[in-house]
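# Structural overview
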Amino acid sequence: MSESEVTRDGIRGARPDRHALVGKGMWNGERPGRKARKGGKGRKGDQPMVPRAEFTSYYGRPVLNPPTWHPRDVAGYFFLGGLAGAGSVLAAGAELTGRPAMARALKVSSLAALTGSAAALINDLGRPGRFVNMLRVFKPTSPMSVGSWVLAAYGPMAGAAVASDLAGRLPRTGRAATVAAALLGPAVASYTAVLAADTAVPAWHDGYRELPFVFVGSAAAAAGGMALLASPVAENAPARGVALLGTAVETAAAKAMERRLGVVAETYREGRAGRLMRAAEALSAAGALGGALLGRRSRTAAAVSGAALLAASACTRFGVFYAGMRSAEDPKYTVLPQRERLDARREGAREG
């Protein structure tokens, strides 16, 4: 506490070097990395020399609470749902173009994939009643609600298509069910991407533009792979084309997403997710090219190419899952993009 006082003759009792130093604090009269102007006066708009905060949180906990999803259940649910939906579309095309063996194989595989997908989802939820409870209301703004109703409508159609084909009864009903399953197939194959992007997980939420294309392309490649694996060479021409198209869409969308995500793209390139995404890219290219070049002549080559495409699709879904988990656990991937967006808005406002 100062002991000086102001009198008619001036300040009495003042101690030397105890007055405030105007302009001599943290500003230091200069910008970081620049020399101060002559006279020691700083420029307008100088910033304080304070280091930016580290990416830490209270008690070392992440900024976001990572999803409590199990990798095998949820990533498997993503993969099997995509295979089922895209398989139904390809099955309808095979049936309408006179390829009965391919159509039957895809109908059976789609129903099996749907069963596995539903089992994985219910296992992650904990009990079947929770899935039933999601059908009590229909909420168009909720991807989970819409997806639940899509699955509830798709399942009976896929089942009726298989039953009619295997039993050889009610062909018109079976064809109508096949077409209905094909119409619902794209939604089944893609809604999981919308579901993931609707969360706050940076690697999923920030990739909301490209992630549906990644999932649809991956699903198409998987369906093409299943057709190559399970149908005769004489009927697999559409499967080869679908596999090439799906691989191209998936690869292009994944590359575009990584370019746009900035620092968050590290989660898709590094660690377990990075290894899975690189494996998916290599397997997709090998499967698509192998099917296109050799699958038209060799049954063995077609089957191997189909298996590679199925493995690639599974790697993509698991890679996306682990990238999301890592981005939620590390505060950097939440804080840094927010800072970049804030700086961009400030720069835009200053220029405007």
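Below or above, wherever it landed, is the structure these notes cover. (Residues numbered from 1 in each chain as written. Predicted model: local features only at pLDDT ≥ 70, side-chain atom pairs only at ≥ 80, totals over all residues. Heavy atoms only, no water.)

## A look at the packing of helix 5 (residues 171-197) against helix 7 (residues 211-230)
Heads up, the condition is: Simply put, an axis is a line fit to the C-alpha atoms, just over the touching stretch for a helix, and the angle between two N-to-C directions goes from 0 to 180 degrees. Numbering of helices and strands runs from the N terminus; a helix is a DSSP stretch of H or I covering at least four residues, while a strand is a stretch of E covering at least two. Roughly parallel here means an angle under 35 degrees, roughly antiparallel means over 145, roughly perpendicular means 65 to 115, and every remaining angle is called oblique. In this scheme the crossing of two helices becomes right-handed for a clockwise turn of the near helix relative to the far one and left-handed for an anticlockwise turn of less than a right angle. The contact criterion used throughout is that any non-hydrogen atoms of two residues lie within 4.5 Å. We call Asp, Glu, Lys and Arg charged. Ala, Val, Leu, Ile, Met, Phe, Trp, Tyr, Cys and Pro are nonpolar, and the rest, Gly among them, are polar.
The N-to-C vectors of helix 5 and helix 7 enclose an angle of 150 degrees; their axes lie 8 Å apart at closest approach. Classified by the angle between their axes, helix 5 and helix 7 sit roughly antiparallel to one another. In this structure, the crossing between helix 5 and helix 7 has a hand that is right-handed. Taking contact as the criterion, the partners of Ala 189, Ser 190, Thr 192, Ala 193 and Ala 196 in helix 5 are, on helix 7, Leu 211, Pro 212, Phe 215, Val 216 and Ala 219. The residue makeup of the contact of helix 5 with helix 7, split by class, is eight nonpolar, two polar and no charged.

## A look at the packing of aromatic side chains
What describes a pair of aromatic rings is the distance from one ring centre to the other and the angle between the planes of the rings. As a reminder, the rule being used: Classification of ring pairs rests on two measures: the distance between centres of Phe, Tyr or Trp rings, Trp counted by its six-membered ring, which must be within 6.5 Å, and the angle between planes, read as stacked under 30 degrees, edge-to-face over 60 and tilted in between. Remark: exposure states derive from per-residue accessible area (1.4 Å probe, protein chains only) relative to the maximum for the residue type, with buried under 20%, exposed over 50%, and partly exposed in between.
Inspection of the entire model under this criterion finds five aromatic pairs. Ring centres of Trp 204 and Phe 321 lie 6.3 Å apart, and the angle between their planes is 40 degrees; this geometry places the pair in the tilted category. Of the two residues, Trp 204 is situated in helix 6 (residues 202-205) and Phe 321 in helix 11 (residues 299-329); the sequence distance between them amounts to 117 residues. Just as Trp 204 is buried, Phe 321 falls in that class too. Judged by centre distance (5.7 Å) and plane angle (85 degrees), the rings of Phe 321 and Tyr 322 are edge-to-face. These aromatic residues form a ring-pair network of at least three members: Tyr 77, Phe 78, Tyr 191 and Phe 215.

## Overview of empty space enclosed by the protein
Our working definition: A cavity here means a set of points on a 1 Å grid, drawn over the protein atoms and nothing else, where a 1.4 Å probe fits but cannot get out; a pocket is an open set with protein on both sides within 12 Å along at least five of seven lines, and a residue lines either one if it has an atom within 4 Å of a point. Grid points are joined across faces, edges and corners, and a volume is the space filled by probe spheres set on the points.
A full pass over the atoms with the stated rule returns one cavity of 30 Å³ or more. Estimates place the volume of the largest cavity at around 50 Å³. Surrounding the largest cavity, Ser 88, Ala 91, Leu 106, Lys 107, Ser 110, Tyr 154, Ala 158, Ala 161, Thr 178 and Ala 181 form its lining. Those elements giving two or more residues to the lining of the largest cavity turn out to be helix 1 (71-96), helix 2 (100-125), helix 4 (143-167) and helix 5. The residue makeup of the lining of the largest cavity, split by class, is six nonpolar, three polar and one charged.

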